[in-house]
Amino acid sequence: MAGRGRGAEEGEGTTAGVSERLLFVDMLPADAAPVSLPEPRPAKEILPPDGDGFRPASPTATITRLRKQIGRVSWPAFHRSIGNAATTELDRGIGFLLVPVFLATGVIFYFSLNAEPDLYRPLAAVALMAVCALVSRSRPRTHLLFMAAFFCALGFLAAKVETWRAATPMLGSEIQTRLTGRLVSLEEMENGRVRLTIDVISTAHPKLRYAPERVRLSARKVPADMTAGSLLTGYARLLQPTGPVRPDSYDFSFDSYFSGIGASGFFLGNPKTIASEEAPATARLASAIEKARESIADHIRGLVGGPEGEIAAALIVGVRAGIPDEINEAMRRTGIYHIISISGLHMALVAGTIMLLLRGAFALFPDFASRRPVKKYAAAAALLSIAAYLVFSGIVVAAERSFIMLAVMLVAVLFDRAALTMRNLAISAIAVILVSPHEVVGPSFQMSFAATAALVGAYAGWSDYRADRTTAPPPKRSFLHFASRKLVMGMGGLAMTSIIAGSATALFAIWHFQRVSPLSLLANLAVMPIVSVVMFLGVASALTMPFGLDWPFLYLMGKGLTAMIAISGWISERSPVDAVGLISIQSVLFVTIALVIATMATTWLRLAAIPFAVAGLMTVSNTRTPDVLISEDAHLVAMPIGGGELAVNRVRSNEFTTDNWKRALVAETIVEPETFETGDARFDIDPLDLPPGSPFYCRDGLCLARHPSGAIVALAENRETARPACAFADLIVIDDATAYSPCWNSLALVVTKRQLARSGSAAVFFDPQSATAQATIRYAVEKPYRPWHEQRKYSREARGLPPYQRPEKPVVKLAPSAQ
């Protein structure tokens, strides 16, 4: 997959790189033709026998001639051509490129199961497939099928082992307790609060029998001497991990389980530090690294200041909790938020900067550079640099995956192999899948590898195209013409990179986030040159920081970030609405298959990607938008009422949840409920007289609304309040875990808080064809529970119990003499 010039450079004791595809150009047999076309007919067969000129052919004659031509197509030759092309693909190494594809298939199959499988079954499947693959080596086709099944089973087993190895204790129910633990990390958030990640040592008042091992809490204020590794204590309110805000959306319980976070919440007061005790060696090392990150972040914030300082700290040490929300939203709308998250772009810029500086320094000593493999020295230094960058950025998942990808490429340079090849990308994907299988179902893994594979495949195809062309050397031009040509080519390359990567990741972004950035191409063209300079200055500041000479680089870095913020804000104000609604999972699967074929195939078989791509585009809208969405705590209900409006039942609703629902339902405006006092005559109307598309009207614990289809939705605080709605409502939501259905009418769908606590958020669908059919409901969590949802059945709401009330302490009145 390497193009001309992508191998080791000349002058360093190595040979020049060549295209891997061109090495196999002569392997296709000469007699292999995709289709045997019919021979051309002589002119005398076309002219009429009498020579009087052309006569219009009858439809019957035309159809007969077409049938004869189609009959002359040699289907055996076509099948033979497919076999020859497949053999060529295997000789070129496509089998190895498909290994991560089959591993990921097994992982996805495991996480899509409705019930947790036993460990011995995937073990037996891996062993059986391995034996069958060894036995069938004399039959190539059968051997390939068993190898594909083996890697699928291996991916399934890797996902099961990771789930078993994580075994994160998850809090089952909300509770208040005194917590004592060791601080792992501390982040200052944009709203002024502080977010702390704590390893729990003990709990008291009450003592938890099944306490989580690690929690993430927020506090209004922390002591000035509190740093990573400190022992702290405080009274905290712990909350169980939440599930998806709607079916098929991001599952926070899933992420918390594999991140080791068993609960979240907040301190009711300010936590206090206590006398420290000797920590394990690993904890001391982690605390030292975290302290270094905090001190570097504080140093950067102090020198740069403002939101630019927060972004600079995020780019250098990965601390991004303090970035203002309006800047985050502007970067999301313009499609450049990937700049903030340390990933492949940052790793590549750091490695490239280090290699550029070292190659430039070695060039000052031509005798040494001509006798030594200085490119390998620079690659080794770059590898150590990105390893240090990974550690000081907090070893987040995206940075870890990017480090593996870039490390494979740098190691390839050390061994005189082409760095940017699809084989190296496959090695990186295999490593990530085996180390963190759960990342396969996340947006970061999917979008990162989709973009990288598309770019590598496009770069390889362009290199092969240029290698086949014979062009004369360009004439000598003026310096101005040379510089302008290089600038245009650079901007064109940047535009094509953005187009290719954006096209490869568009459907994944829509599936996970229900949004797309219409002006992302413009934003990336305007911002990426600035980001390249900013990252160069960041690397320079990191290298000079130990000597106290980093202030000029950080100053210039802040100016560059000011320009980036201004550009993103300007484009965001002019960007149209980016919410695109829901798409079908079938569309994502079809496009994924098309992307795999298009990027990995090297023969005419890559044309097989076209029907899958077309099928993916045709099935984009093959999904149904929910008519009503209900949160898992039964507090919030939303319903689209037409005109881009979304009606909700609460004035103060959860902002994150409503934003997600707005994008999923393609709504722009939130319509708050109208509340009436007891006895207000304006509320005394027949619910059947409410016009379709009416928002929520609330009084005395009962809210009513009407869907545009005519269905009536009722929300009640308890069973008694919900009873009158049984006569007219199509959907009744009861915000009471102790309640059960008060309706004898089977046409009304009743959803209680206990059901939502057990099964998560819900999507309700009305039948527009029948006014008497009961609405259908789909929950976010299915039973039996998977390990990351096991804690749901232990909450008080899931057990049908009222909220926990702490007993009040008796008031002791002192006698007058005691006073």
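Residues numbered from 1 in each chain as written. Predicted model: local features only at pLDDT ≥ 70, side-chain atom pairs only at ≥ 80, totals over all residues. Heavy atoms only, no water.

**Here's the deal with the overall build of the protein chain**
Then step 1. On a plain count of helices and strands, the protein chain comes out with 25 helices and 18 strands.
Then step 2. Within the span of the protein chain, comprising 819 residues, buried residues form 44% of the whole.
Then step 3. Summarising the internal contacts of the protein chain: among those between residues at least 6 apart in sequence, 67% fall at separations of at least 24.
Then step 4. Roughly 43000 Å² of accessible area belongs to the protein chain as shown, and the carbon and sulfur atoms make up 62% of that amount. (Helix = DSSP H or I, 4+ residues; strand = E, 2+ residues; numbered from the N terminus. Buried < 20%, exposed > 50% of the residue type's maximum accessible area, 1.4 Å probe, protein only. Contact = heavy atoms within 4.5 Å. Areas by Shrake-Rupley, 256 points an atom, 1.4 Å probe, with all protein chains shown as cover.)

**Brief notes about the pairing of strand 3 (residues 214-219)**
Then step 1. Judged from the six bridges that link them, strand 2 (residues 194-204) and strand 3 form a sheet pairing that is antiparallel. Residue pairing across strands places R195 opposite S218, the latter belonging to strand 3.
Then step 2. As judged from the four bridges shared by strand 3 and strand 5 (residues 263-267), these two strands associate in the parallel manner. Within the sheet, the bridge partner assigned to V215 lies in strand 5 and is A263. (Pairing = 2+ DSSP bridges.)

**Considerations on the state of the cysteines**
Then step 1. Following the criterion strictly, the structure yields two disulfides and no others.
Then step 2. C698 shares a disulfide with C703; S-S distance 2.0 Å. On the sign convention where negative means left-handed, the S-S torsion of about 110° between C698 and C703 marks this disulfide as right-handed.
Then step 3. Listing the disulfide partners of the protein chain by sequence rank of the bonded cysteines yields 1-2, 3-4. (Disulfide = S-S within 2.5 Å.)

**Things to note about a negative patch on the surface**
Then step 1. Side chains of E190, D325, E326, E655 and D659 sit close together on the surface and give a patch of like negative charge.
Then step 2. Going through the elements one at a time, helix 11 (325-333) and helix 23 (655-664) are the ones with two or more residues in the negative patch. (Patch = residues over 30% accessible without salt bridge, like charges linked within 9 Å, V, L, I, M, F, W, Y side chains within 5 Å. Salt bridge = Lys/Arg side-chain N within 4 Å of Asp/Glu carboxyl O. Lys, Arg positive; Asp, Glu negative; His and termini not counted. Charge placed at Lys NZ, Arg CZ, Asp CG, Glu CD.)

**A short note on the environment of I670**
Then step 1. For I670, the location among the structural elements is in strand 10 (residues 669-671).
Then step 2. Judged by relative accessible area, which is 28%, I670 ranks as partly exposed.
Then step 3. Once the C-alpha coordinates of I670 and L646 are considered, the two residues, 24 residues apart in sequence, prove to be 5.0 Å apart.
Then step 4. The contacts of I670, once residues within four sequence positions are left out, are L646, V648, T658 and K662.

**Overview of the sheet that holds strand 11 (residues 674-675)**
Then step 1. In spatial order, the strands read 11-12-13-14-15-16; together these six strands make up an open sheet with mixed pairing. A single partner strand is all that each edge strand has here, and the edge strands are strand 11 and strand 16 (749-752).

**Details of a positive patch on the surface**
Then step 1. A surface patch of like charges, here positive, comprises R466, R469, R477, R485 and K486.
Then step 2. Here R485 shows up in helix 18 (residues 479-513).
Then step 3. Note on R485: relative accessible area 46%, which makes it partly exposed.

**What to know about the sheet that holds strand 7 (residues 628-630)**
Then step 1. On the basis of which strands lie adjacent, the open sheet formed by six strands has the order 10-9-8-7-17-18 and mixed pairing. Edge positions in the sheet fall to strand 10 and strand 18 (776-779), since each has one partner strand and no second. Adjacent strand axes in the sheet meet at a mean angle of 25°, parallel and antiparallel pairs treated alike.
Then step 2. Here strand 8 (residues 637-642) pairs with strand 9 (residues 645-648) via four bridges, running antiparallel. Note that in strand 9 the partner of P640 across the bridge is L646. (Axes fitted to C-alpha atoms, helices over the stretch in contact; angles between N-to-C directions.)

**Things to note about the nonpolar core**
Then step 1. Formed by 89 residues in total, the largest nonpolar core has its most connected members in I311 and M557.
Then step 2. Here the element with the most residues in this core is helix 15 (residues 397-414); it accounts for nine residues.
Then step 3. When near neighbours in sequence (up to four residues on either side) are disregarded, I311 contacts I323, I327, I340, L561, M564 and I565. (Core = buried A, V, L, I, M, F, W, Y, C linked by side-chain atoms within 4.5 Å.)

**Considerations on a nonpolar patch on the surface**
Then step 1. A cluster of nonpolar side chains, contributed by L119, L123, V161 and W164, occupies part of the molecular surface with about 380 Å² of accessible area.
Then step 2. Considering the arrangement of structural elements, one finds L119 in the loop between helix 5 (99-111) and helix 6 (120-135).

**Quick word on the packing of aromatic side chains**
Then step 1. In the structure shown here, the tally under the stated rule is 19 aromatic pairs.
Then step 2. Consider the rings of F150 and F151, whose centres lie 5.2 Å apart with planes at 70°: the pair is edge-to-face. Like F150, the residue F151 is buried in the burial classification.
Then step 3. With a centroid separation of 5.9 Å and an interplanar angle of 45°, the aromatic rings of F258 and W788 are classed as tilted. Highlighted residues: F258 in helix 8 (residues 252-259) and W788 in the segment after strand 18, separated in sequence by 530 residues. Exposure class is identical for F258 and W788. Each is buried.
Then step 4. Connected via pairs of aromatic rings, a cluster forms that spans F109, Y110, F111, F156, F254, Y257, F258 and W788.
Then step 5. The ring centre of Y337 lies 4.5 Å from the NZ or CZ of R332, which sits over that ring.
Then step 6. In this arrangement the basic side chain of R786 is found over the ring face of Y110, its NZ or CZ atom lying 4.8 Å from the centre. (Phe/Tyr/Trp six-rings, centres within 6.5 Å; stacked < 30°, edge-to-face > 60°. Lys NZ or Arg CZ within 6 Å of the ring centre and 35° of its normal.)

**Structural notes on the confidence of the model for the protein chain**
Then step 1. Per-residue confidence for the protein chain gives a mean pLDDT of 84; residues scoring 70 or more make up 86%.
Then step 2. Mean pLDDT across the elements of the protein chain bottoms out in helix 1 (residues 43-46) (44) and peaks in helix 5 (96).
Then step 3. pLDDT under 50 marks residues 1-38. Its contacts with residues more than four places away, or in other chains, come to 81 contacts.
Then step 4. A low-confidence stretch, residues 42-57 stays under pLDDT 50, and its non-local contacts, those more than four residues away or across chains, total eight contacts. (pLDDT = per-residue confidence, 0-100.)

**A short note on the pattern of salt bridges**
Then step 1. In this structure the tally under the stated criterion is 19 salt bridges.
Then step 2. Where salt bridges share partners, they join E116, K160 and R786 into one cluster.

**Observations regarding the pairing of strand 1 (residues 175-188)**
Then step 1. Pairing geometry for strand 1 and strand 4 (residues 231-239), over eight bridges, is antiparallel. Residue pairing across strands places Q176 opposite R237, the latter belonging to strand 4.
Then step 2. Both strand 1 and strand 2 contribute to a ladder of ten bridges, which runs antiparallel. The residue bridging R182 from the neighbouring strand is D199, located in strand 2.
Then step 3. Adjacent in sequence and paired antiparallel, strand 1 and strand 2 are bridged by five residues, among which G192 carries a positive phi angle near 95°.

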